[in-house]
Amino acid sequence: MKYILVTGGVISGVGKGVIASSLGTLLKSCGIEVTSIKIDPYINIDAGTFSPYEHGEVYVLDDGSEVDLDLGNYERFLDITLHRDNNITTGKIYKLVIEAERRGEYLGRTVQVIPHITDAIQEWIERVAQDPVRDNITPEVCIVELGGTIGDIEGMPFVDAFRQFQFRVKRENFCVAHVSLVPSPSSTGEPKTKPTQASVKELRGFGLSPDLIVCRSEEPIGIEVKEKISNFCHVAPDQVICVHDLSSIYHVPLLMEQHGVIEFLKERLQLSIRPEKRENCLQRWKSLARRSEKLHKQVTIALVGKYTKFKDSYDSVIKALQHAALQVGYKLKLNFIYSELLESETLTEDPSNYHKVWQLLCESDGVVVPGGFGSRGIEGKIIACKWCRENKRPLLGICMGLQAAVIEFARNVLNLKKANTTEIDPTTEHPLVVDMPEHHSGQMGGTMRLGKRKTIFKGELSIVKQLYGNPQSVDERHRHRYEVNLKYVNQLEEQGMRFVGVDESGERMEIVELQNHPFYVATQYHPEYLSRPLKPSPPFLGLILASVKGLSKYIARGCHLSPRQMSDASSDEEIQMTTKINTSKLNGHSEHLQQANGCIVNGAGSSSEAELIIASNGKSNGVA
């Protein structure tokens, strides 16, 4: 087994996750099986109880573990399935050692950080590195990302564990990639290498010598700066890799490949890479990067949530929207809307922001209402659902987004004005959403319905089912404590809200569709977790297609994109001919095609600070 340790210096959030993922992408493109481990030095057992403002979104794996969002990067880049133990925390390690001590496994010896904690870390890494993450194939290389910054007191046990580990596994099986910031102060405009020098010196002082120094910067770094870092940090010039802010993260592996990283890792770790694999490596990434550079048409999506001040809170949702837009051939523009500002009270307290966010909502081609917990902002989500329903604007609700859509429908269509969720009002007269048996009050961590669960489609016609390819069921990841109250389902369905997907018991509502609407879909599960760059999540793809008036064409083609990726140049004659050819396949679905081809108002754009453009040709921070 070969190991690559990725550390960070100068500041946190420097982009270690994307660099680690890119290293894995380079190796996997050459036919090397790769796995990943993320180390988070905090004392929490897992990320499940974090506020999204602390560390961004909580990412959920198949086995139901709640982990750091960087594991989402690994899964998306490498197209692998990670497990609970691929995320190590200080809390997990100390819990493991303390439980062993209580069982008497240390035979009365004093339990200390060295050797007991450091040994536990090394044994954990060696064990997990052998676990298959794709097709039951044992990995050849394990990439370990050490969270935080070198010098942080909470990370010291892990640093010392790797100091020992490099001798345990031998030099030819272990290398270190240190990611550091090279700032350029506006006062001089000159890249400063001193922070990187100090960071590398500190790393060496702890007994680890970097084999690669990855320099992060806003602008490209000249050869003089690269040579200076080489001289002062005791590495060869070809071991200094400069990665500046790129228009898209898809370019990061390509840039690293141009710097000769594959050749370096092949020699340093004595990897066996066949020549034919090396010649054809990264072909899909090069194609993906080329496609992202050629996007000209734009689709505007409003993301209505309660954590919009910190974009990492919706990292997987943003990536899923990106994947779908790129697949269809559109540049994605996101309008981030803080849901509480949509509420009527804001009109009195802050009329300026009230009108701004409503303008952003009205200018959007489609709307996403993502998950969340707590009472703050839920009324704004309900208002957004009502606006989409009444104005025939495409909507995708996720988790709490589904619950908000159901509550809104009950209040304004069923006329149950007091309808609510027991999460917000435990004594509500009409509890449309109730807590589940898995939710144990008084204990927050790991008590939800978590991980991959099966959703079974009902026999009736469903747009979502068609988007998935007409399967009998799908497996998606969940993270929720509340669910739709079964006793109101018949009333909702009688008025046109159809529950087209349920769990295996048939008692938990998983997918909602609204009749007589171009695209009004909500899922109790989180489809964003399984979206991949070359395989977008079907619900997100449906939202983007509906937002650009392309859903009916897509369904008419048997859920296949045209060779021109839904180009505006597609003629009405072509669409009519395709529809005619596929009439036999659709088997009477014309009514739903008309629903799916509803009128959409194109976004006019806005210069508001609440917007974020995720574009391949824009100046977005594609790495950090």
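In what follows, the structure referred to is the one given above.
This one's a predicted model, so the numbers in the text were calculated from it and none came from an experiment.

**A word on helix H20 (residues 538-547)**
When you tally the buried positions in H20, you get 10 out of 10 residues, the bulk of the element. Residues of H20 that are buried: Pro538, Pro539, Phe540, Leu541, Gly542, Leu543, Ile544, Leu545, Ala546 and Ser547. Residues of H20 that are buried make contact with strand E10 (298-305), helix H13 (315-328), strand E12 (366-369), strand E13 (395-398), helix H18 (463-467) and helix H21 (551-556). In the segment just after H20, Lys549 is the residue with positive phi, at about 60°.

**Points about the pattern of salt bridges**
Applying the stated criterion across every chain, the model contains 31 salt bridges. Where Asp62 meets Arg477, a salt bridge forms, and the shortest distance between an N and an O atom there is 2.6 Å. Separated by 415 residues along the polypeptide, Asp62 in the loop between strand E3 (59-60) and strand E4 (66-67) and Arg477 in strand E17 (residues 473-480) bring together distant segments of the chain. Judged by its relative accessible area of 0%, Arg477 is buried. Between Glu510 and Arg449 there is a salt bridge, and its shortest N-O distance comes to 3.0 Å. With Glu510 in strand E20 (residues 509-514) and Arg449 in strand E16 (residues 449-457), the pair connects residues that are 61 residues apart, well separated along the chain. Each member of the pair, Glu510 together with Arg449, is buried. A cluster of three or more residues bridged by salt bridges with shared partners is formed by Asp62, Glu75, Asp79, Lys452, Arg477 and Arg532.

**Looking at the sheet that holds strand E5 (residues 87-89)**
One open sheet holds the 7 strands; their spatial order is E5-E2-E6-E1-E7-E8-E9, and the pairing between them is parallel. A single partner strand is all that each edge strand has here, and the edge strands are E5 and strand E9 (240-244). This sheet shows a mean twist of 20° between the axes of neighbouring strands, independent of strand direction. For strand E1 (residues 2-8) and strand E7 (residues 174-181), the ladder comprises 6 bridges, and the chain directions are parallel. Residue pairing for E7: Val6 is matched across the bridge by Ala177. Of the strands in this sheet, strand E2 (34-40), E5 and strand E6 (141-146) are in contact with helix H3 (residues 70-78), which crosses E2 at around 170°.

**Quick look at the pairing of E7**
Taken across its 8 residues, E7 has 7 buried, putting it largely inside the fold. Relative to strand E8 (residues 212-217), E7 is paired through 5 bridges, and the arrangement is parallel. In the strand pairing of E8, Leu181 is matched with Arg216. Taken together, E7, helix H7 (residues 194-205) and E8 form a β-α-β motif whose crossover is right-handed.

**Re the pairing of E16**
Of the pairings in the sheet, the one linking E16 to E17 comprises 8 bridges and is antiparallel in character. Among the inter-strand pairings, Leu450 is bridged to a residue of E17, identified as Arg479. Relative to strand E19 (residues 497-502), E16 runs antiparallel, the two sharing 2 bridges. Bridge pairing in E19 links Phe457 to Gly501.

**Quick notes on the packing of aromatic side chains**
Inspection of every chain in the model, using the stated rule, returns 11 aromatic pairs. A centroid spacing of 6.1 Å and a plane angle of 35° characterise the contact between Tyr307 and Tyr314, whose relative ring orientation is tilted. Considered together, Tyr307 and Tyr314 belong to a single accessibility category, that of buried residues. Taken together, a centroid distance of 6.0 Å and an interplanar angle of 55° make the contact between Phe457 and Tyr468 tilted. Placement of Phe457 in strand E16 and of Tyr468 in the loop between H18 and E17 is noted, with a sequence separation of 11 residues between them. Note on Phe457: relative accessible area 6%, which makes it buried. In this structure Tyr468 comes out as buried when scored by relative accessible area, which is 19%. One aromatic cluster is present, formed by Tyr3, Phe162, Phe165 and Phe174 through successive ring pairs.

**Notes on the packing of helix H5 (residues 113-129) against helix H6 (residues 156-168)**
Contact geometry for H5 and H6: axes closest at 9 Å, N-to-C directions at 65°. The orientation of H5 with respect to H6, classified from their angle, is roughly perpendicular. As H5 runs across H6, the sense of the crossing is right-handed. For the pair H5 and H6, the contacting residues are Val113, Ile114, Ile117, Thr118, Asp119, Ile121, Gln122, Glu123, Ile125 and Glu126 in the first and Pro157, Phe158, Asp160, Ala161, Phe162, Gln164, Phe165 and Arg168 in the second. Classifying every residue of the contact of H5 with H6 gives 10 nonpolar, 3 polar and 5 charged.

**Brief notes about the environment of Asp312**
With respect to the element layout, Asp312 can be found in the loop between E10 and H13. Separated by 260 residues in the primary sequence, Asp312 and Pro52 have C-alpha atoms spaced 7.8 Å apart. When near neighbours in sequence (up to four residues on either side) are disregarded, Asp312 contacts Gly56, Glu57 and Leu69.

**Some details on the sheet that holds strand E18 (residues 482-484)**
With respect to topology, 3 strands assemble into an open sheet ordered E14-E15-E18, the strand pairing being mixed. Only two strands of the sheet have a single partner each, and these edge strands are strand E14 (419-421) and E18. The sheet shows a mean angle of 30° between the axes of neighbouring strands, taken without regard to direction. This element, helix H17 (residues 400-412), spans E14, strand E15 (430-435) and E18 of the sheet and lies at about 165° to E14.

**Digging into unusual backbone geometry**
A negative phi angle is the norm for most residues apart from glycine, just as the trans form is the norm for most peptide bonds. Between Ile114 and the following residue, Pro115, the backbone shows a cis peptide bond with an omega angle of 15°. Relative to the elements of secondary structure, Pro115 occurs in helix H5. We note that His234 has phi near 60°; this positive angle belongs to a residue other than glycine. Along the chain, His234 turns up in the loop between helix H8 (223-233) and E9. Looking at His234, the relative accessible area reads 62%, which means it is exposed.

**Re a nonpolar patch on the surface**
Side chains of Tyr94, Ile98, Val113 and Ile114 sit close together on the surface and give an oily, nonpolar patch of about 340 Å² of accessible area. Counting only elements with at least two residues in the nonpolar patch, the list comes to helix H4 (90-102) and H5. Locating Val113 in the fold gives a position in helix H5.

**What about the nonpolar core?**
Core analysis: the largest hydrophobic core is formed by 54 residues, its most contacted members being Ile4, Leu23 and Leu265. Inspection of this core shows a minimum of three residues originating in each of domain 1 (2-292) and domain 2 (295-562). Apart from the residues within four sequence positions on either side, Ile4 is in contact with Leu23, Leu27, Val141, Cys142, Ile143, Val144, Cys175, Leu265 and Leu269. By size, the runner-up hydrophobic cluster in this structure holds 46 residues, among which are Tyr338, Tyr354, Leu402 and Val484.

Reading the values: the criteria
- Residues numbered from 1 in each chain as written.
- Predicted model: local features only at pLDDT ≥ 70, side-chain atom pairs only at ≥ 80, totals over all residues.
- Heavy atoms only, no water.
- Buried < 20%, exposed > 50% of the residue type's maximum accessible area, 1.4 Å probe, protein only.
- Helix = DSSP H or I, 4+ residues; strand = E, 2+ residues; numbered from the N terminus.
- Contact = heavy atoms within 4.5 Å.
- Salt bridge = Lys/Arg side-chain N within 4 Å of Asp/Glu carboxyl O.
- Pairing = 2+ DSSP bridges.
- Axes fitted to C-alpha atoms, helices over the stretch in contact; angles between N-to-C directions.
- Right-handed = clockwise from strand over helix to strand, strands pointing away.
- Phe/Tyr/Trp six-rings, centres within 6.5 Å; stacked < 30°, edge-to-face > 60°.
- Parallel < 35°, antiparallel > 145°, perpendicular 65-115°, else oblique.
- Left-handed = near helix turned anticlockwise from the far one by under 90°.
- Nonpolar A, V, L, I, M, F, W, Y, C, P; charged D, E, K, R; others polar.
- Patch = residues over 30% accessible without salt bridge, like charges linked within 9 Å, V, L, I, M, F, W, Y side chains within 5 Å.
- Areas by Shrake-Rupley, 256 points an atom, 1.4 Å probe, with all protein chains shown as cover.
- Core = buried A, V, L, I, M, F, W, Y, C linked by side-chain atoms within 4.5 Å.
- Domains from an automatic or database assignment.

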